[in-house]
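Observations on the three-dimensional arrangement
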Amino acid sequence: MEADISLQALALIDGDRVVKVYPTSSGAPATPTILGRFRFYLKTPGTNSVGMVDSNYFIRGYAIHGYPSVPPFNASHGCLRVPIPDARNIFNWIRIGDRIFVEA
């Protein structure tokens, strides 16, 4: 997985091939998304109590997850929001231990 904050885009990568690109909404200026290389450590299916859908956690409480509002600018509390219809495909793609590279 690669997340490019400057493009507000999230890419599923298989080796050196881009499989799919999704729109994302990263952390707002007051709550920025953490940059770096991480591994997914927890996956929670379904919708949690704060409306996050099919969450894939990569550091502390930061996750890629579906959400009703995914504007084309940084607006989240630090997570990488994706449209709810895309959340299940991303959830099914990611495995515990997979890497994500988050860059600006």
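Residues numbered from 1 in each chain as written. Predicted model: local features only at pLDDT ≥ 70, side-chain atom pairs only at ≥ 80, totals over all residues. Heavy atoms only, no water.

1. Notes on the nonpolar core
One finds Met1, Leu10, Phe58, Ile64, Leu80, Ile90 and Ile100 to be the most contacted residues of the largest nonpolar core, which totals 20 residues. Looking at this core, the elements with two or more residues in it are strand 2 (9–14), strand 6 (53–59), strand 7 (62–67), strand 8 (80–83), helix 1 (84–93) and strand 9 (99–103). It is strand 6 that contributes the most residues to this core, 3 residues altogether. Once you skip the residues sitting within four places of it in the chain, leucine 10 turns out to touch Met1, Glu2, Ala3, Lys20, Val21, Tyr22, Thr24, Ile64, Leu80, Val82 and Ile90. (Core = buried A, V, L, I, M, F, W, Y, C linked by side-chain atoms within 4.5 Å. Buried < 20%, exposed > 50% of the residue type's maximum accessible area, 1.4 Å probe, protein only. Helix = DSSP H or I, 4+ residues; strand = E, 2+ residues; numbered from the N terminus. Contact = heavy atoms within 4.5 Å.)

2. Here's the deal with the packing of aromatic side chains
Two measures describe an aromatic ring pair: the distance that separates the ring centres and the angle between the ring planes. In this structure the tally under the stated criterion is 3 aromatic pairs. Here the aromatic rings of phenylalanine 40 and phenylalanine 58 are separated by 6.2 Å at their centres, their planes lie at 80°, and the arrangement is edge-to-face. Placement of phenylalanine 40 in the loop between strand 4 (36–39) and strand 5 (42–47) and of phenylalanine 58 in strand 6 is noted, with a sequence separation of 18 residues between them. Given the relative accessible area of 3%, phenylalanine 58 is considered buried. An aromatic cluster is built from Phe38, Phe40 and Phe58, whose rings are joined through pairwise contacts. The ring of phenylalanine 101 carries the charged tip of arginine 37 above its face, separated from the ring centre by 4.2 Å. Just above the ring of phenylalanine 91 sits the side chain of lysine 43; from NZ or CZ to the centre is 3.8 Å. (Phe/Tyr/Trp six-rings, centres within 6.5 Å; stacked < 30°, edge-to-face > 60°. Lys NZ or Arg CZ within 6 Å of the ring centre and 35° of its normal.)

3. Some remarks on the layout of surface pockets
Considered as a void within the structure, the largest pocket measures approximately 160 Å³ in volume. Taken together, Val50, Met52, Gly61, Tyr62, His65, Tyr67, Ser76, His77, Gly78, Cys79 and Arg81 make up the full set of residues lining the largest pocket. Here the lining of the largest pocket is composed, by residue class, of 5 nonpolar, 5 polar and 1 charged. (1 Å grid on protein atoms, 1.4 Å probe; cavity = no way out; pocket = protein on both sides within 12 Å on 5 of 7 lines; lining within 4 Å. Points joined across faces, edges and corners; volume = space filled by probe spheres on them. Nonpolar A, V, L, I, M, F, W, Y, C, P; charged D, E, K, R; others polar.)

4. Quick notes on the pairing of strand 9
Going residue by residue along strand 9, you find Ile100 and Val102 tucked away on one face and Arg99, Phe101 and Glu103 left uncovered on the opposite face. For strand 1 (residues 2–4) and strand 9, the ladder comprises 3 bridges, and the chain directions are parallel. Directly across from glutamate 2, in strand 9, lies its bridge partner phenylalanine 101. Across 4 bridges, the pairing between strand 4 and strand 9 is antiparallel. Bridge pairing in strand 9 places glycine 36 opposite valine 102. (Pairing = 2+ DSSP bridges.)

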